[in-house]
Structure formats: structure tokens, C-alpha cells
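What follows is each chain in one-letter form.
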Amino acid sequence: MTLLLVGFVGGILAGISPCVLPVLPVVLMGSATAPSPNGAGSSTSLGRLRPVCIVLGLTLSFALITLFGTLLLAALHLPTSLLRWLGLAALVLVGLSMLIPSLEQLIERVFARIPQRHITSQGSGALGGFVLGLALGAVFVPCAGPVLAAIAVAGATGTIGVETVLLTVAFAAGVAVPLLIVALAGNRLSARVRGLQRRQRLVRGIAGVLVIALAVALTFDLTGAIQRRIPDYTASLADPLQTHVTVPAAAGNGSLRTCQEAAFNAEEKGLTDCGRAPEFAKISQWLNGSPTTIAKLRGKVVLIDFWAYSCINCQRELPHVEAWWKAYAPFGFHVIGVHTPEYAFEHDTGNIASGAAKLGLTFPVAVDNDYGTWTAYQNVAWPAGYLIDAKGVIRHVSLGEGKYDRNEKYIRDLLTTANPNVELPAATDLADKTPTDRQRTPETFLGISKKQSYSGTGVYASGPQSFADEGTPAANTYRLSGTWTLADDDIMAEADAQITLTYRAREVYLNVGGTGTLTVTENGSTRTIGVSGPPDIRTVSANTASQSGTVTIALSPGLHAYSFTFG
């Protein structure tokens, strides 16, 4: 009984959370378009079937997809985003049907084979509403509280039992309550306002445009941008439900590739089953600790974090990992930083140790110069985190930086699952410095093997080359002047070597090594930066906010430049 109550209350909170706001106008207007036999809105029980069917279709498809969608797609070897794209396509089709009556008749003719033909023939619009609800359910994403998280994890991991089904039914019923109120309000509005009754064709047209607009907004994540600006006013009410809902165990039969694809596509799957954690492979040396294995770490919650010391994204992410290590190590949490090189100079163990010390890292570091562990985990990015539960199953994959609050919550959830009596300290509180400008210039490699964004003249090939480009490069490109020696990974400065870059960012970093100086000129101001020690990033431009600019850097002979990165 408690489980049903928890599920129902959790559903109501999800149904009024800010994450469902983009759906409400469609539910409201879609319910206001039920035609009556004479072409006007109907206030009869028959007319109220459409709003009920919209909510019924939405909750039914949402519940089934949440429980069984991941397993079905995995069994059929289909992309995890397929159901969402089908839902978006269905929304566009339903929206067009509201604008084009003949198309709606065609759709309802297909669905009229089910035993509701006599209802639709009387003009309730029930089947049309049900189809609209089914499409909405495929893209409906309420804010993920503890109840929805437990249901989603059970579905993703295949641990669906009677309790999970009951919890899902109760949750769906709870979600339906506020949505049904909105739907019935729209239907009532249509029936009461005579102007709407006389202009049903116009109302249906507006509803159709809203449905198509919602599909477009969901496609380009415009709804997500709106939701992120609105505080989740239901979070504090939903948190107490966590004590009645536990994270289901994972069998270890999940797909690591599926989890990586979800992370790459920014699809939030929560704590799921990504399969058994592979063992470390071809580790040449260990820093900050003794050699260990995944098997020896069984019983602990483990974060495997792939990084490279000169990677700017890693340098912004690693302070968070270090903070988690210090906060939760006494409570059964362990971190292994797997250092896999991106550049040749990152193979040098001395450089790695120096980079780790510079970043203040104290957790164990596994030197993966031969890409053995990288390959074992099928990894594709720096940084990348693989969160492993106490039974040795990967439960979450993160690629790139950001979302640190979410990742820390997953760590805490797994620690609590491993030891229900644990009393964890307060969550860490580090600023998230992840850049937010989507127009920011992408990482720009300078070596000939990865040459990109070069807009100058001359021969960009291996060996000594002379360049004489002047003027401002095109946006997000660079030009060279003077003499350079070009190689696969880097370009080495010779006489009068200069590089001019046009960028958009808050900060610009040059990955450079050797001994010498950088002379940086921007906006009429010139400054000098000393360079020594192992190759690493140096800040060559720093602004108060992301903006467009052009910077020219003169390198003293012998310095090796590898890439530009941006913050």
C-alpha cells in the first residue's frame, strides 16, 4: 500500500513539475478541439472522451516505453533514440491532421479497426485524441524524481518485478491527474465559450500548429533550454520519497555501447545496466598508489575516469573528481584515473606525474600508454567517466565535462545502496566551469595528421615550410607567417614564426612545449608568456565573457605548438 501511495504521489509531482510545461498547451488545445455531431464543441459525456483519451494514450505509451523501451530496442539492436524520433514524427503527423481534415480521416480510418468505431463515428474525436496521446507519451519527459528513476532503472536493467509494475501503474495514475484536469479544462472551455464553438476549424488549426511547434522545439531541445531556466519547484517535495524507493540491482547483462551512445547523444538514462566492468589492461605504471584490479575493488563504488593531462576539458573536470575522492573515500568510494595519451609527449611518465601534481590529484592513476584499458572500455573521449557499483557493474557513462551535480548524486545513490546505513557528508560544492557558448570555436589541431581550420596559403606538409600570410583569418580559422617545421602532431617555430587565430570563446589556450617565449598581441596590447617544462596549455587570451576576437602569437624558435583549445 505504501509503495502505491509513493508511486501515486510521485506521479502527481511529476505531472506538475516544470519539465511538463511545454506539453500542457498541446494537451489543453488538443482537448478543446473535440467536434460534436453538428460541428460545434460538445459538453456531453461523449465530447469529453477526447481529453480522457489524450491523457490515457499519453500515460499508456509513456509507461510502456519507460518500462520496456530500452530492453526492446537493445534486443532488436536498434538505436536508443528511435522511439523518441518516432514519437516526434507522429506528433508532426497528428499536427498536420488537425490542419488537414482529410488526413485526419485517413488516420482514424486506420485506427477504427479497434472496437471504438461507433464512438468515433459520432464525432467524439476519441481516436484522434488517443493517437495524439500516444505520440506525446513517446516524447514526454517529466523531471526525474526518485520514483521515476527507480522505474527507469528497472526497465533499463531488466529487473522488472511485480513491485515495479505496481509502482509504474501508480506513477502513471498520479501523472494522469493534473494532465486530465488540464485536458478537461480545455474541453470545458471549448464547450462554454460560444466563440470557440463557432470557430472549431480555427481552434483545431491553432492546436495543429502547437503540436508541430512542440515537435520542432523538442527536436532542437528548445524545451530543455526553457526548463533549465525554471527552478524545479517540486524537487524538495519529491526528495522524501527517496527513502521508500531503492535503486534496483543490475544483473550485468547490459550493453556498454548502448550506454556510451546515450552519453554521446546527451540522452539521460539514469543509473542503468551497462554490463560488467572490464579489467584494466596493459597498464605500464601506477602513480599515487599500488597496482589493483576491478576484481579487488569489488564491494566498493568505483569511478574509472579517462583523462589526459594537457586536455583542457579534463583540467576543468578533474577538480570535481578529486573532491569526490576526498569526500567519499572513507565511505567505500574509489577512483582510478586512467591516463591515456592524446599526444606523443603525454606518453612520458614524468610529464604525467608533473601534470597530476600540478592539478593536485591524489587518487591512483593508471598509465595506459598502449591504449589497452581504453580499448577494453571501448572509450571514445577525454574526459570520460565509468561509474561502477559495488558488484562490479557499470551503472553510468559520462562523456565530456559538466553535469557534476548529477554524477555526484549517482555516486551517493550507489554508496547508499551498497550500505543503507551509511551517513554521507554533505555534497561537494565546486563551481561548474563548463563553457556554455554553443558557438564556441572547436578544438583546433595544428599538426599535419589532424590539420583543420587552416585558411592560409603555402604548402602545409611535413618538413620546413615558409608562410607569408597577413591579415585577419576567417572565423574559427588560423594563418601562419614566418618559417615553421611541420610534423604529424605539432608545428615547430623557426625564424619569425607567428600564428594568427580568429576565434569565439571566453578563453583561448595554446598547447605548447619547449623553452622560450610567446609574444601575444590582441586589441593593440602585447604581453609575453614564458614557456618551459613539459608541453601543456598556456592561456593566450582571457575575456570576461565569450566573444569573437583575433589574436596573434609570435613563438620563439624551438617551441612546439600542438593545438588550440577554448573555454
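Values in this document were obtained by computation on a predicted structure and should not be read as measured data.

Enquirer: I'd like a rundown of the pairing of strand E6 (residues 394–399), residues and numbers included.
Expert: Judged by how many residues are buried, E6 sits mostly within the fold: six of six residues are covered. Bridging between strand E5 (residues 384–388) and E6 involves five bridges; their strand directions are antiparallel. Bridged to Ala-384 within E6 is Leu-399. Taking the residues that link successive antiparallel strands as the turn, the E5-E6 hairpin has five residues, and the phi of Gly-392 there is positive, at about 85°.

Enquirer: Can you explain the state of the cysteines? Please cite residues and give values.
Expert: The final tally for this structure, using the stated rule, is one disulfide. Between the sulfur of Cys-259 and that of Cys-274 lies a disulfide, 2.1 Å long from S to S. Where Cys-259 bonds to Cys-274 through sulfur, the torsion about that S-S bond is close to -95°, and the disulfide is left-handed. In this pair, Cys-259 sits in helix H14 (residues 256–264) while Cys-274 sits in the loop between H14 and strand E1 (285–287), placing the two residues 15 residues apart along the sequence. According to the relative accessible area criterion, Cys-259 is buried, its value standing at 10%.

Enquirer: Tell me about the side chain of Ser-398, and please be specific about residues and values.
Expert: In this structure, Ser-398 sits in strand E6. A residue is classified by how much of its surface remains accessible, and Ser-398, at 14% relative accessible area, is buried. Non-local contacts of Ser-398, meaning those with residues more than four positions away in its chain, are made with Ala-263, Pro-383, Ala-384, Gly-385, Arg-406 and Asn-407.

Enquirer: Describe the side chain of Thr-502, listing the residues and the values that go with them.
Expert: Following the sequence through the fold, Thr-502 ends up in strand E11 (residues 498–513). There is a polar contact of 3.0 Å between the side chain of Thr-502 and the backbone oxygen of Pro-473. If near-sequence neighbours (up to four positions away) are discounted, Thr-502 is found in contact with Thr-472, Pro-473, Ala-474, Ala-475, Asn-476, Thr-477, Gly-549 and Thr-550.

Conventions used here
- Residues numbered from 1 in each chain as written.
- Predicted model: local features only at pLDDT ≥ 70, side-chain atom pairs only at ≥ 80, totals over all residues.
- Heavy atoms only, no water.
- Buried < 20%, exposed > 50% of the residue type's maximum accessible area, 1.4 Å probe, protein only.
- Helix = DSSP H or I, 4+ residues; strand = E, 2+ residues; numbered from the N terminus.
- Pairing = 2+ DSSP bridges.
- Disulfide = S-S within 2.5 Å.
- Contact = heavy atoms within 4.5 Å.
- Polar contact = N/O pair within 3.5 Å; in protein donor to acceptor, adjacent residues only side chain to side chain.

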